[in-house]
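Here is how the chains run, residue by residue.
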Amino acid sequence: MAYFVLSDARIPGIGIIALKGAGVACLSVYAWLRHSSADARLLAVVMALSALGDIGMEFYTAIGGGIFLVSHLFAMALYLRNRRQNMVASQKLFAVALAFLTPFVAWQLVSSTADAAAVTVYALALGAMAGLAWTSSFPRYRVGLGAVLFVISDLLIFAQMDILAQSPIPAWLIWPTYYAGQFLIATGVIQTLRNELQPE
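To keep things clear, this report deals only with the structure shown in the data block. (Residues numbered from 1 in each chain as written. Predicted model: local features only at pLDDT ≥ 70, side-chain atom pairs only at ≥ 80, totals over all residues. Heavy atoms only, no water.)

## Structural notes on empty space enclosed by the protein
1) Next: Under the counting rule described, the total for this entry stands at one cavity of 30 Å³ or more.
2) Next: By volume, the largest cavity amounts to about 50 Å³.
3) Next: Lining the largest cavity, in full, are Val46, Met47, Ser50, Ser71, His72, Ala75, Tyr79, Met129, Phe150, Gln182 and Ile185.
4) Next: Listing elements by their share of the lining of the largest cavity, those giving two or more residues are helix 3 (38-59), helix 4 (61-81) and helix 8 (169-196).
5) Next: Here the residues of the lining of the largest cavity are counted per class, giving seven nonpolar, four polar and no charged. (1 Å grid on protein atoms, 1.4 Å probe; cavity = no way out; pocket = protein on both sides within 12 Å on 5 of 7 lines; lining within 4 Å. Points joined across faces, edges and corners; volume = space filled by probe spheres on them. Helix = DSSP H or I, 4+ residues; strand = E, 2+ residues; numbered from the N terminus. Nonpolar A, V, L, I, M, F, W, Y, C, P; charged D, E, K, R; others polar.)

Listed below in structure tokens is the structure:
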């Protein structure tokens, strides 16, 4: 959370960028060290790519967004490897809503901008990732909720591009919702692996 507190401080550009990337990079190291299974390694890759995405966003939004899209694909692979066997209709419905409403809302937020098509394609991966997280065998109110917070964070970024361009709300909420989401995902997956699976 140091990045959020110090982002407006007089810290050299490279220093604040490194601090931003370090938050999720530490979650990648945590995932790598806390369990040796293939799923934990996959989670570590997801978090490492996200950390690179955080840094890339500071240089060029398209670079950061592209890296995050790849991280979502790896996260989707993780959740597909750990599908929940029994789901009630409401759980399936919420997952479908995440998958389809996320790109729809994203497009609505940026439809008047030049980046509308790229944002919508990214949001398709974001929504699919969140929907699969919700229907995975990992704790829904940690990993699933973490993915939902990730979606909220990105929707705030998209809103900041147009409808909330003059509002202070995104600046206050984007990083806390994003990092809280990543923290819940990382700790929720690793705790499940440690409780249910034997390390290789």
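## Observations concerning the packing of helix 3 against helix 8
1) Next: Contact pair helix 3 / helix 8: the axes reach a minimum separation of 10 Å and the direction vectors enclose 165 degrees. Judged on the interaxial angle alone, helix 8 and helix 3 are roughly antiparallel. Our pair here, helix 3 against helix 8, has a crossing hand that is left-handed. Here Asp39, Ala40, Leu43, Met47, Ser50 and Asp54 of helix 3 lie close against helix 8, whose contacting residues are Trp175, Tyr178, Gln182, Ile185, Ala186, Val189, Ile190 and Leu193. (Axes fitted to C-alpha atoms, helices over the stretch in contact; angles between N-to-C directions. Parallel < 35°, antiparallel > 145°, perpendicular 65-115°, else oblique. Left-handed = near helix turned anticlockwise from the far one by under 90°. Contact = heavy atoms within 4.5 Å.)

## Structural notes on the nonpolar core
One broad trend across soluble globular proteins is that nonpolar side chains are buried collectively.
1) Next: Ranked by size, the top nonpolar core spans 46 residues in total, and within it Leu43, Tyr79, Met129, Phe158 and Val189 carry the most contacts.
2) Next: Breaking this core down by element, the ones donating at least two residues are helix 2 (13-34), helix 3, helix 4, helix 5 (89-110), helix 6 (116-134), helix 7 (140-160) and helix 8.
3) Next: When residues of this core are assigned to their parent elements, the largest contribution, 10 residues, is made by helix 6.
4) Next: Ignoring sequence-local partners within four residues, the contact set of Val189 consists of Leu43, Leu78, Phe138 and Val143. (Core = buried A, V, L, I, M, F, W, Y, C linked by side-chain atoms within 4.5 Å. Buried < 20%, exposed > 50% of the residue type's maximum accessible area, 1.4 Å probe, protein only.)

## What about the packing of helix 7 against helix 8?
1) Next: Relative orientation of the contacting elements helix 7 and helix 8 amounts to 155 degrees, with a least axis distance of 7 Å. It follows that helix 7 is roughly antiparallel to helix 8 by the angle criterion. When you trace helix 7 past helix 8, the crossing you get is left-handed.
2) Next: For the contact of helix 7 with helix 8, a count of residues per class yields 16 nonpolar, nine polar and one charged.

Bear in mind that shape data such as this cannot, by itself, settle questions of function.
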